[in-house]
There are 2 protein chains.
Amino acid sequence: MSRARRPPDELFAEARAGDRSALARLLSVIERGGPDARAVGRLSHPLSGSGYLVGLTGAPGAGKSTLTSATIAHLRSFDEEVAVLAIDPSSPFSGGAILGDRVRMQDHATDAGVFIRSMATRGHLGGLTLATPEAVRLLDAVGRKWILVETVGVGQVEVEIAGKADTTVVVVNPGWGDSVQANKAGLMEIADVFVINKADRSGVDQTRRDLEQMLDLSDLDHDEHGAGWRPPIVATVSTTGDGVAELWDAVLAHREHAESTGLLERRRTHRIREELREIVTERLRERARELCTGERWDELAEQVLDHTVDPWSAADEMLAPVDA
Amino acid sequence: MSRARRPPDELFAEARAGDRSALARLLSVIERGGPDARAVGRLSHPLSGSGYLVGLTGAPGAGKSTLTSATIAHLRSFDEEVAVLAIDPSSPFSGGAILGDRVRMQDHATDAGVFIRSMATRGHLGGLTLATPEAVRLLDAVGRKWILVETVGVGQVEVEIAGKADTTVVVVNPGWGDSVQANKAGLMEIADVFVINKADRSGVDQTRRDLEQMLDLSDLDHDEHGAGWRPPIVATVSTTGDGVAELWDAVLAHREHAESTGLLERRRTHRIREELREIVTERLRERARELCTGERWDELAEQVLDHTVDPWSAADEMLAPVDA
């Protein structure tokens, strides 16, 4: 039998036993979506829940990949295993960046304790919103204790994906104001830990003051992000590794906070609800594609064009089968 | 009765009689969406169809607004009336640009033959995909013969919106390659007319050669964009108005081509089908929000979190009411 056709459960057993190429194949199955992806999900789901998910985001060029690489090195120094998912929601427009990142991460390519994978949308953003939690669940189920999800950019989708982690790290640079002006509020909302990377450049103190000031103005006590936690600000130089140990200590401190206060459980509940809603929406979307075909559909489109039926009445008729 | 509460049909009658503030209110109703927006749509739809829709897009900074302003001046010089919709799909991230554009367009603020309005998403992109055709239909129904839709940027959504026009103008600059590298293919696909704006800068000839070469490589005979039409390339300096008459002549030539070959009808049929599909999808999305509430929903989410039910089986159960 050709390897490409091997069923998900065989691949899953091998991935559980440590086979990285089986794991990579399963992630491709998830990326493609469809019934096979669901089969992988059904295998992963009962075995997941012990991995810990760290999200990492920041503007392009903030040095996230180098920082991720340095973080991996730090984790490996005390023998922790780690999996990294690099998510690129706007892949058709920035494929180069991800490729560069992967090349940089080759430092760890031969280390069996490290698994790195980039994922991109195939067409629309909804795909990634669904595929990311499934990929995380798989990595968790095959025994990866630390899962880092890195997103490129500070747009709505990137922030959403990174913000759905157990602990979220937001990477900025000295003078960050210019590059992320637009979505500062979104970043403030998701950050559990701030990193000022490239801290060998000038402007670190000013950036720290800016962040502190924004934190002063934020409502830090809202339920989602946990009362009693003020995001620490860590300065790093990822190319030399300076500050990376402090960054990881901040992540560990947040994990302890999240576990002890019930925040972690609340977040995971919230996450699973959002995922369920997303699955339901996706199924309805498939249904819409099925509904919008056939003779009656052609007729209605024609009538709308002739102004004899308005678009909303036409939609009502197409939706009648699901409006039980 | 307070003006804010006046019903859509009254506002619609006034807008038809030329009242710009009534028109502006109706556009706000469309932006907000919901039942009132549908009421406006039902009023507009039977009366629409005689306006002609020109899309205009290009990278930020390409000079689209100045070009639009110069085009308005050109149209007004032979007394044509025009409405402009400036669409900003990523509004939360570039509100400043649109504001600047509106200020520049103030030249025409006191001219009753010109109506300018910017529209932004309220939350998600789907909103704009639905609101734009409704806004165009309203402008059409109140008697605007030329409707210009300008989108800011060359991302997927911007290109999609601008590409749904009767005639689409793509604005580039000398040396454009760097700024739109990512989505050249998308722009080539939608362009009926190319404009090299800021043609007083160096590099116009090279840019023209690049475009011609890409056109040589493109499949120009595909159905959607019409056999027998090769997008002309017009050079403009929008700040002085140079080339704007030629640009408009190119638009008129494309309109004649589209009308005489049946292309216009095919495009409008395609557009209405896409809009219908979008309406159906949006209704299903509303349905999903309704389904994913209540006691059983809470229970299922809890069970998924406890790993006693997998997410797909939970979704199946929530979807049962619509899986007739």
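Residues numbered from 1 in each chain as written. Chains lettered and ligands numbered in written order. Predicted model: local features only at pLDDT ≥ 70, side-chain atom pairs only at ≥ 80, totals over all residues.

Peer 1: Would you mind showing me how to read the overall build of chain A here?
Peer 2: Broken down by element type, chain A carries 14 helices and seven strands. Looking at chain A as a whole, 44% of its 324 residues qualify as buried. (Helix = DSSP H or I, 4+ residues; strand = E, 2+ residues; numbered from the N terminus. Buried ≥ 20, exposed ≤ 12 C-beta atoms within 10 Å, placed from the backbone.)

Peer 1: I'm lost on the interface of chain B and chain A in this one. Help?
Peer 2: Each side of the interface is counted separately: chain B has 42 residues, and chain A has 40 residues. Mapped by element, the contributors of at least two residues to the side of chain B that touches chain A are helix H3 (35–44), helix H5 (91–104), helix H12 (263–291), helix H13 (295–305) and helix H14 (311–319) of chain B. Here the element with the most residues in the side of chain B that touches chain A is H12 of chain B; it accounts for 16 residues. (Contact = placed C-beta atoms within 7 Å.)

Peer 1: Mind showing me how you'd approach the relation of the copies chain B and chain A here?
Peer 2: In this arrangement, two copies of a chain are superimposed by a rotation about an axis accompanied by a shift along the axis. For the pair chain B and chain A, the superposition axis carries a translation of 0.2 Å, the fit reaches an RMSD of 0.2 Å, and the rotation angle comes to 179°. Both chain copies can therefore be described as sitting about a two-fold axis. Residue valine 322 of chain B of chain B places its C-alpha closer to the rotation axis than any other residue of that unit, at 2.4 Å. Comparing interface residues between copies, 95% of those in chain B also lie at the interface in chain A; the contact surface is shared. (Least-squares fit on C-alpha atoms with pLDDT ≥ 70 in both.)

Peer 1: What exactly am I supposed to notice about the pairing of strand S6 (residues 193–196) of chain B here?
Peer 2: Two faces, one strand: in a regular strand the side chains alternate between the faces of the sheet. Residue and element names in this part refer to chain B. Neither face of S6 is left uncovered, since the one carrying Val193 and Val195 and the one carrying Phe194 and Ile196 both have all their residues buried. Bridging between strand S5 (residues 167–172) and S6 involves four bridges; their strand directions are parallel. Bridge assignment links valine 169 to a residue of S6, and that residue is valine 193. Of the strand pairs in this sheet, S6 and strand S7 (residues 233–235) are connected by three bridges, and their pairing is parallel. Within S7, the residue paired with phenylalanine 194 across the bridge is isoleucine 233. (Pairing = 2+ DSSP bridges.)

Peer 1: Teacher, can you tell me more about unusual backbone geometry here?
Peer 2: Note: most peptide bonds trans; most residues except glycine with negative phi. All names here are of chain B. Look at aspartate 79: it is not a glycine, yet its phi comes out positive at around 65°. Counting through the fold element by element, aspartate 79 comes out in the loop between helix H4 (64–77) and strand S2 (82–88). You will see that lysine 198, though not glycine, has its phi angle at about 60°, which is positive. Along the polypeptide, lysine 198 turns up in the loop between S6 and helix H10 (204–217). Its 24 C-beta neighbours within 10 Å are what place lysine 198 among the buried residues.

Peer 1: Hey, could you run me through the packing of helix H1 (residues 8–16) of chain B against H3 of chain B in this one?
Peer 2: For any two helices packed against each other, one specifies the inter-axial angle together with the distance between the axes. All names here are of chain B. Look at H1 against H3: their axes get within 10 Å of each other, and the N-to-C directions meet at 45°. The orientation of H1 relative to H3 falls into the category oblique. Here the hand of the crossing between H1 and H3 comes out right-handed. Only Asp36, Ala39, Val40 and Leu43 of H3 make contact with H1, whose side of the interface consists of Pro8, Asp9 and Phe12. (Axes fitted to C-alpha atoms, helices over the stretch in contact; angles between N-to-C directions. Parallel < 35°, antiparallel > 145°, perpendicular 65-115°, else oblique. Left-handed = near helix turned anticlockwise from the far one by under 90°.)

Peer 1: For this particular structure, what's the right way to read the nonpolar core?
Peer 2: Where a protein is soluble and globular, its nonpolar side chains tend to be buried together. In terms of nonpolar packing, the biggest core is built from 162 residues, with Leu26, Val149 and Phe194 of chain A together with Leu26 and Val149 of chain B touching the most fellow members. For leucine 26 of chain B, the residues in contact, after removing those within four places along its chain, are Pro8, Leu11, Phe12, Ala15, Val40 and Leu138 of chain B. (Core = buried A, V, L, I, M, F, W, Y, C linked by C-beta atoms within 7 Å.)

Peer 1: Please explain the confidence of the model for chain A as it appears in this structure.
Peer 2: Do not read the fine detail of predicted coordinates wherever pLDDT is low. Residue and element names in this part refer to chain A. Chain-level pLDDT for chain A is 83 on average; 83% of the residues reach the 70-or-more range. Predicted confidence in chain A is weakest over helix H5 (residues 91–104), with a mean pLDDT of 42, and strongest over strand S7 (residues 233–235), with 97. A low-confidence stretch, residues 91–101 (pLDDT under 50), is modelled with 15 contacts involving residues beyond four sequence positions or located in other chains. Here the predicted complex carries an ipTM of 0.77, next to a pTM of 0.68. (pLDDT = per-residue confidence, 0-100.)

Peer 1: For this particular structure, what's the right way to read the pairing of strand S1 (residues 52–58) of chain A?
Peer 2: All names here are of chain A. Counting buried positions along S1 yields six of seven residues, so the element is predominantly enclosed. Strand direction decides the pairing type here: S1 and strand S4 (residues 146–152), joined by seven bridges, are parallel. Bridging from a neighbouring strand, tyrosine 52 pairs with tryptophan 146 of S4. Bridge count between S1 and strand S5 (residues 167–172): four bridges; the pairing is parallel. Opposite valine 54, over in S5, you have threonine 167 as the bridge partner.

Peer 1: Looking at this model, I keep getting lost on helix H12 (residues 263–291) of chain A. Mind explaining?
Peer 2: Each α-helix turn comprises 3.6 residues. Residues three or four places apart therefore point the same way. Here H12 of chain A is 29 residues long and its end C-alpha atoms lie 42 Å apart, about the 42 Å a rise of 1.5 Å per residue gives. Of all the positions in H12 of chain A, only Leu263, Arg267, Glu275, Leu276, Arg277, Ile279, Val280, Thr281, Leu284, Arg287, Ala288 and Leu291 of chain A are classed as buried. (Expected span 1.5 Å × (residues − 1).)

Peer 1: What exactly am I supposed to notice about the environment of threonine 66 of chain B here?
Peer 2: Of note, threonine 66 of chain B is situated in helix H4. For the pair formed by threonine 66 of chain B and valine 237 of chain B, sequence separation is 171 residues and the distance between their alpha carbons is 9.2 Å.

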